Amino acid sequence: MLPAFALLLAGTVGPALAGASQDPQHARLQAVRQRSEGVRPGTEQARSIASELGEIGRAYLEKGDGGRAVELLEEAYGWNDENGLVLALLTLAYVRRADFPFARFYLDLAEQRAPRAPPQAYEILGEVYYSLNRLEDAVVAWEHFRRLGGESPATLRRLSKVRQELALASGQRHLETEWFSFFWDPAIPPAIVERIADRLAATYREQSDFFGTELPDAQIVILYAGRSYFSLVSVPDWVSGVFDGKIRVLLDPDGGLTDELSSVLAHELAHSFIRHASGDRAPGWLHEGLAQWWEGKRIPRYEIRNDFRSRGPYSLSEMEGNLAGRSDRTAARTNYVQALALIEYVVERHGSGAVACLVRDLGAGRTFAESLRSETGLTPDELFRRWKEWARL
């Protein structure tokens, strides 16, 4: 369930090794071990051997050979227990194996023994832990980043917010299913969570078929009984669901699984699929329009005309800026209506498959203009013009 952070870690703290051949490390490992004969721990030679073993272990970690990586990184740690990069990689290796007690053991060792580690390694470890909703571990990693001299304002702000989020998450329950990892406030009855899990599993299968892919990791879903977290991150009070890599949904503990709640869950899950299938390259209006379409919303053309009776519609680029902030409910609704209407036009004229292929084309590395041309024969300007004609605006 771990996102692919190993390459990011390698690219941040040292030379990338991912382009190597089948097993280029074997000869290198043999040479290192030959040089290690007769070397005493605590010497400069020992520290050099630890660094080389750490790089070799990182290469195996990037290839997905976690067992071999752990073996070599443990060996590197034996040569130099103050090598911060080795400790960071050991933490990451055990996280990848979902062995969180051992991962935390090495993270704590890094705090105690690695005063000269590269701070970026622990910045990224914090991201890894946060993506898994292991908030306490994320705080520890980011605190170590700060102590090592890390100065990223964005990361330090996140550290402050995650400390507050950790306080709000006290007592949360946890459930793992095939495709999801659920966390929920204790005020929410487990029976509701089980019904939500069943509904989301069915929705997952439908969206997976549509986008032609599965999510690479278990999707984290956090269910809240109150608005405390939403207030912490300044989510408007008319919003009951957000997607920030995790699906976060507010629900009434006594309300059961309502149609409205099911729609919100489908909407946020669609964001996850769109992000993955597009390689996180889908424009905001495509995200919001398609997520609404997946929650079951449809809009007749007369309603589109009513919404834009007093002014013209936004251009595609204007919509991008407008969707970035949604504190004004009236303005947000107008943008969401237009985003949905654009999706409805493409579906009606080119079929829902064209929309799915458009998203996948983005994930294959094409630009939006290239993807749109490939699936509809239109340029972005032509799409906007023909949509206005279709809607009679």
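Keep in mind the model is a prediction, meaning the values are calculated, not measured.

(A) Summary view of the confidence of the model for the chain. Per-residue pLDDT for the chain averages 88, and the proportion of residues at 70 or more is 92%. Across residues 1-8 the pLDDT falls below 50, and counting only partners more than four positions away or on other chains, this stretch makes 23 contacts in the model.

(B) Molecular detail of the nonpolar core. Formed by 66 residues in total, the largest nonpolar core has its most connected members in Phe182, Ile196, Phe211, Leu223, Trp285, Leu290 and Leu383. With near-sequence residues (within four places) excluded, phenylalanine 211 lies in contact with Phe273, Ile274, Ala277, Leu290, Trp294, Val359 and Arg360. Val39, Val70, Leu87 and Leu135 belong to the second-largest nonpolar core, a separate cluster that totals 64 residues.

(C) Representation of unusual backbone geometry. Positioned with a positive phi, asparagine 133 is a non-glycine residue whose angle comes to about 65°. By relative accessible area, which is 8% here, asparagine 133 ends up buried. In this structure, serine 234 takes a positive phi of about 60° despite not being glycine. Residue class for serine 234 comes out exposed when judged on its relative accessible area of 63%.

(D) Layout of the sheet that holds strand β2 (residues 180-184). As summarised here, the arrangement of the 5 strands in space is β1-β2-β3-β5-β4, forming an open sheet in which the pairing is mixed. Two strands close off the open sheet at either side, each with one partner strand: β1 (173-176) and β4 (241-243). Taken over all neighbouring pairs, the strand axes of this sheet differ in orientation by 15° on average, direction set aside. Examined bridge by bridge, β1 and β2 share 4 bridges and lie antiparallel to one another. Within the sheet, the bridge partner assigned to glutamate 176 lies in β2 and is serine 181. The strands touched by helix α10 (residues 190-211) are β1, β2 and β3 (219-224); relative to β2, the strand with the most contacts, the crossing angle is about 150°.

(E) Broad picture of the packing of aromatic side chains. The tally for this structure, following the rule as stated, stands at 21 aromatic pairs. When the ring of tryptophan 293 is compared with that of tryptophan 294, the centres are 5.8 Å apart and the planes differ by 90°; the resulting orientation is edge-to-face. Judged by its relative accessible area of 15%, tryptophan 293 falls in the buried class. Pairwise contacts between aromatic rings join Trp179, Phe180, Phe182, Tyr204, Phe210, Phe211, Phe273, Trp293 and Trp294 into one cluster.

(F) Geometry of helix α3 (residues 44-63). Under the 1.5 Å per step criterion, the end-to-end length of α3 is 29 Å for 20 residues, consistent within 8% with the ideal 28 Å. All buried positions along α3 are accounted for by Ala46, Ile49, Ala50, Leu53, Gly54, Ile56, Gly57, Arg58, Ala59, Tyr60, Leu61 and Glu62. Within two residues after α3, glycine 64 carries a phi angle of roughly 90°, on the positive side.

Parameters at a glance
- Residues numbered from 1 in each chain as written.
- Predicted model: local features only at pLDDT ≥ 70, side-chain atom pairs only at ≥ 80, totals over all residues.
- Heavy atoms only, no water.
- pLDDT = per-residue confidence, 0-100.
- Contact = heavy atoms within 4.5 Å.
- Core = buried A, V, L, I, M, F, W, Y, C linked by side-chain atoms within 4.5 Å.
- Buried < 20%, exposed > 50% of the residue type's maximum accessible area, 1.4 Å probe, protein only.
- Pairing = 2+ DSSP bridges.
- Helix = DSSP H or I, 4+ residues; strand = E, 2+ residues; numbered from the N terminus.
- Axes fitted to C-alpha atoms, helices over the stretch in contact; angles between N-to-C directions.
- Phe/Tyr/Trp six-rings, centres within 6.5 Å; stacked < 30°, edge-to-face > 60°.
- Expected span 1.5 Å × (residues − 1).

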